[in-house]
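Residue strings, one per chain:
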Amino acid sequence: MLRRFLRHLLMRARIQKLVVILGALSLAYVISSVPAVLWNSAYNAGPFVNQKPHPPAYVDPSQACVQPMQDPDDPIMLTFYKKFNKVDCTRRPNWVYVDNGTVRFSKLARRFHGNFACDYHPLVRGPGDYNVSFAKPIPQIKDGFPLVSDFFKISCHSFIRVTSHENLHAGVFVNQTIKDRLKLTKPPANGLGLSVALLGFDSMSRMSWLRRMPKTREYLVNTLKAIELEGYNILGDGTPAALLPILTGKHEHELPEARRKMNHSRPVDGHPWIWKQFQKHGYVTSWADAEVDIAPFNYRMHGFEHQPTDYFMRPFYLAVNPTYIKYPRYCHGSEPKHMVWLNWIRDIFYMYKDDPKFMVHFYTPLSHDDNNLITMADEDLRNFLERMETGGYLNNTLLLVMADHGARFAAVRRTLSGKLEERLPYVSLRFPPWFEKKYPSLVKNVKTNVNRLTTPFDLHETFKDILRFDGAGLGDVMNRGISLFKEIPKSRTCHHADVAPHWCACLAWKVVNHTDPDAKRALAAAVDAINNFTEPYRSECAKLSVGDVTTVTKLLVSDDVLRFNQTTGDRGLEPIMSDNSVKNERAIYQLTFFTEPGHGEFELTLEHLLYMDTMSVNPKAISRINKYGNDPACILEKNREIRQYCYCNNNLKNS
């Protein structure tokens, strides 16, 4: 009866209510007390039943920063998971749409409303970052009318029926001034010949992306061969702490004062934005953030006095947001809102296909408050990327699909998994095929860096290398930013990378005495795993036992991460270390020991799931580190694959 009741709480109750009921107790602690049978029930009910929990990987003892092993099927995090259907906005068809820099009249709208006439109202930015207005309308435009502004309002009326239509649209007007500049300025000769397109999504951890965007990820990884950074660590709280280091190479507190109500503060125009350098050297630049009130450089800061990039989407959202009340929640007329954002990226590629581009586009609405909403856009984003690839628009482009940080809403943040995921956002880089053929060592270094500690500062240095390449090789660990085209040193720590301890997801090393009860269990599990290889050949291979123990090292989430609650201060730099409810859920053991008989020396990694009190060994994470000579001679003809684990019984007779 009790088990049934607990199952009902775990699988049916809303997590917010559960948190309130349990008060100061963390969700992680509550679930850790649930019996294993119930835990497995919750796991099997998840959406990823065909995926197994990730076994512990080999931990390189020479790597200073070891990231926690995460699981997309984490039962705690699956209690927050929900999938939404794709957005359908077809009940309110737009009368016009943008195609290749022109206004086109919808054939469907003509069928329903007969012939109609439309007036075009150009949208004008300014003054500053908080005002827009409409210029004098251009009346009675024709189908195929070329854009004269990036954003505009269309007002139409039917000649036959008493119907009308009004909506705002986004497109790309090819500015002759930009075209003239592109003719006069070319990228530096020592650049790498890549455009950059950064598509950012708010509050999506790497694990959340795996759970909620499977179609997009499958296309990115399996078709486009994108490289995912598994050790990418945030630098601070919120989006500015993620984007400012990428785009300026500096923390916010190192930049000119731009906060509202602070003495001598100014708009952010004077920041050393890297897009200025790209623009100076022949690139078309764009910055598109789909938020207005909580935009990263406007929420606490003054924003931009002057338009920061060649193409800038904020004026569109300033004008369109008040009109959304007349449409279904996720629709912009007959289009999903996120497709308006994606199509504007498409239009920049369309209108400047052969020109180098530096594009930074960030989308917040579908993931900031609730990660689950982004499931509505998974298929659309996947199809968008496919259209860009098959159309040849990514042929010269480094495509970054990434997030600023993981989810930060309260219920998730009260779990250990949530704390870790906040610090480890999704980041993937896709290079066009020719780039790896031309620069194999550079792409090799990027792949080497997948499991090394990386940060937003490294992306900034990578962008600088794209513009002016200064060589590959091993990065300097004393530089807080290292280009991903260089190998990140294994010795790099959060201190080297300028990551504050409470944001550092690197596991903390702890030397454990081999007489510790859990250490004894770990060693026993380790030798059992080795004996499992030779069990079918027990008549030939001796059963091994633990001999001398060299080292037992335990990896845990650091106390700074466990105790971190939130930040305070105008810039969110002051940590409040008041959380005593979240406990470690798993530990990783690194074991080095000898086995007897035979005195074989082994090194392996083992995971202890504390909430289930189980230990597991990844068979691929076992290394024989001394020579075995003729010890396995009796087995070589039957199974050479287990030779490092076999000490032949006939050796005992001969000794």
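Below: a short report on this structure. (Residues numbered from 1 in each chain as written. Predicted model: local features only at pLDDT ≥ 70, side-chain atom pairs only at ≥ 80, totals over all residues. Heavy atoms only, no water.)

### Here's the deal with helix H19 (residues 456-467)
Here H19 contains 12 residues, and its C-alpha end-to-end distance of 17 Å stays within 8% of the 16 Å for a straight helix at 1.5 Å per residue. With 10 of its 12 residues buried, H19 lies for the most part within the structure. Along H19, the residues classified as buried are Pro 456, Phe 457, Asp 458, Leu 459, His 460, Thr 462, Phe 463, Asp 465, Ile 466 and Leu 467. Those residues of H19 that are buried are in contact with strand E9 (195-201), helix H10 (239-248), helix H11 (274-280), strand E15 (357-363) and strand E16 (397-403). (Helix = DSSP H or I, 4+ residues; strand = E, 2+ residues; numbered from the N terminus. Expected span 1.5 Å × (residues − 1). Buried < 20%, exposed > 50% of the residue type's maximum accessible area, 1.4 Å probe, protein only. Contact = heavy atoms within 4.5 Å.)

### Considering the sheet that holds strand E2 (residues 102-105)
In a beta sheet, neighbouring strands pair by backbone hydrogen bonds and run either parallel or antiparallel. Taken together, the 3 strands give an open sheet; going across it, the order is E1-E2-E6, and neighbouring strands pair in antiparallel fashion. Both outer strands of the open sheet, strand E1 (96-99) and strand E6 (145-146), are each paired with one neighbouring strand and no more. Looking at chain direction, E1 and E2 are connected through 4 bridges and run antiparallel. Paired with Tyr 97 across the bridge in E2 is Arg 104. (Pairing = 2+ DSSP bridges.)

### Side note on the pairing of strand E24 (residues 614-624)
As defined by bridge partners, strand E23 (residues 600-609) adjoins E24 across 7 bridges and the pair is classed as antiparallel. When the sheet's bridge partners are listed, Glu 603 is paired in E24 with Ser 623. Where E23 folds back onto E24 in an antiparallel hairpin, the turn is made up of 4 residues, including Asp 613, whose phi is positive at roughly 55 degrees.

### Here we look at unusual backbone geometry
A cis amide bond links Gly 126 with the next residue in sequence, Pro 127, at an omega value of 5 degrees. If you trace the backbone, Pro 127 turns up in the loop between strand E3 (116-125) and strand E4 (132-134). Residues other than glycine seldom take positive phi values, yet Asp 498 does so here, at roughly 65 degrees. Relative to the assigned elements, Asp 498 resides in the loop between H19 and strand E18 (508-511). Looking at Asp 498, the relative accessible area reads 32%, which means it is partly exposed.

### Things to note about the pairing of E23
Counted residue by residue, E23 has 10 buried out of 10 residues, so it is predominantly covered. Burial along E23 is two-sided: Gly 600, Phe 602, Leu 604, Leu 606 and His 608 facing one way and Glu 601, Glu 603, Thr 605, Glu 607 and Leu 609 facing the other are all buried. Across 10 bridges, the pairing between strand E22 (residues 586-596) and E23 is antiparallel. The partner of Gln 590 across the bridge, within E23, is Thr 605. Between E22 and E23, which pair antiparallel and follow one another directly, the connecting turn spans 3 residues, one of which, Gly 598, has a positive phi of 105 degrees.

### Overview of the environment of Lys 83
Mapped onto the elements of the fold, Lys 83 is located in the loop between helix H5 (75-78) and E1. Overall, Lys 83 belongs to the exposed group, its relative accessible area being 56%.

### Re the sheet that holds strand E11 (residues 284-289)
Taken in spatial order, the 7 strands of this open sheet run E10-E17-E16-E9-E15-E11-E12, and their pairing is mixed. Of all strands in the sheet, those bounded by a partner on one side alone are strand E10 (227-228) and strand E12 (311-312). As paired elements, E9 and E15 share 6 bridges and run parallel to each other. Each bridged residue has a counterpart across the sheet, and for Leu 199 the counterpart in E15 is His 361.

### Remarks on the packing of H10 against H19
In a packed pair of helices, the relevant descriptors are the angle between the two axes and the axis-to-axis distance. At their nearest, the axes of H10 and H19 sit 7 Å apart, and the two run at 25 degrees to each other. Our classification of the angle between H10 and H19 gives roughly parallel. At the point where H10 passes H19, the crossing takes the right-handed sense. Each of Ala 242, Pro 245, Ile 246, Leu 247 and Thr 248 in H10 lies in contact with H19, whose residues at this interface are Pro 456, Phe 457, Leu 459, His 460 and Phe 463. Residues belonging to the contact of H10 with H19 are distributed by class as follows: 8 nonpolar, 2 polar and no charged. (Axes fitted to C-alpha atoms, helices over the stretch in contact; angles between N-to-C directions. Parallel < 35°, antiparallel > 145°, perpendicular 65-115°, else oblique. Left-handed = near helix turned anticlockwise from the far one by under 90°. Nonpolar A, V, L, I, M, F, W, Y, C, P; charged D, E, K, R; others polar.)

### Thoughts on the pattern of salt bridges
Applying the stated rule across the entire model yields 31 salt bridges. Close ionic contact of Glu 230 with Arg 206 constitutes a salt bridge, the shortest N to O distance being 3.9 Å. Placement of the pair is Glu 230 in the loop between E10 and H10 and Arg 206 in helix H8 (residues 206-212), with a sequence separation of 24 residues. Glu 230 gets classed as partly exposed once you look at its relative accessible area, which sits at 32%. Arg 206 gets classed as buried once you look at its relative accessible area, which sits at 10%. In this structure, Arg 408 and Glu 422 form a salt bridge, with 3.9 Å as the shortest nitrogen-oxygen distance. Here Glu 422 lies in helix H16 (residues 416-423) and Arg 408 lies in the loop between E16 and helix H15 (410-413), a separation of 14 residues in the sequence. Given the relative accessible area of 29%, Arg 408 is considered partly exposed. Overall, the relative accessible area of 1% leaves Glu 422 in the buried class. (Salt bridge = Lys/Arg side-chain N within 4 Å of Asp/Glu carboxyl O.)

### A look at the state of the cysteines
In the structure shown here, the tally under the stated rule is 6 disulfides. Two residues share a disulfide in this structure: Cys 494 and Cys 504, whose sulfurs sit 2.0 Å from each other. Measuring handedness by torsion sign, the sulfur bridge of Cys 494 and Cys 504 sits at about 80 degrees and is right-handed. One end of the pair, Cys 494, is in the loop between H19 and E18; the other, Cys 504, is in the loop between H19 and E18, and 10 residues separate them in sequence. Here Cys 494 matches Cys 504 in class, with each residue buried. Between the sulfur atoms of Cys 634 and its disulfide mate Cys 648 the distance is 2.0 Å. (Disulfide = S-S within 2.5 Å.)

### Notes on the packing of aromatic side chains
Under the definition given, this model contains 35 aromatic pairs. With 5.1 Å between their ring centres and 15 degrees between their planes, Phe 431 and Phe 435 make a pair best called stacked. Accessibility classification places Phe 431 together with Phe 435 in one group, the buried group. Three or more aromatic residues link up through ring pairs in this structure, and these residues are Phe 151, Tyr 311, Phe 316, Tyr 317, Trp 344 and Tyr 352. Cation over ring: Lys 153 sits above Phe 134, and NZ or CZ is 4.5 Å from the ring centre. (Phe/Tyr/Trp six-rings, centres within 6.5 Å; stacked < 30°, edge-to-face > 60°. Lys NZ or Arg CZ within 6 Å of the ring centre and 35° of its normal.)

### A few points about the side chain of Arg 382
Locating Arg 382 in the fold gives a position in helix H14 (residues 378-390). Given a relative accessible area of 19%, Arg 382 falls into the buried group. A polar side-chain atom of Arg 382 sits 2.6 Å from a polar atom in the side chain of Glu 386. (Polar contact = N/O pair within 3.5 Å; in protein donor to acceptor, adjacent residues only side chain to side chain.)

### Describing the environment of His 368
With respect to the secondary-structure elements, His 368 resides in the loop between E15 and H14. In the structure, His 368 is positioned 165 residues away from Ser 203 in sequence and 5.4 Å away in space, judged by C-alpha atoms. Residue contacts for His 368: discarding those within four places in its chain leaves Asp 202, Ser 203 and Ile 294.

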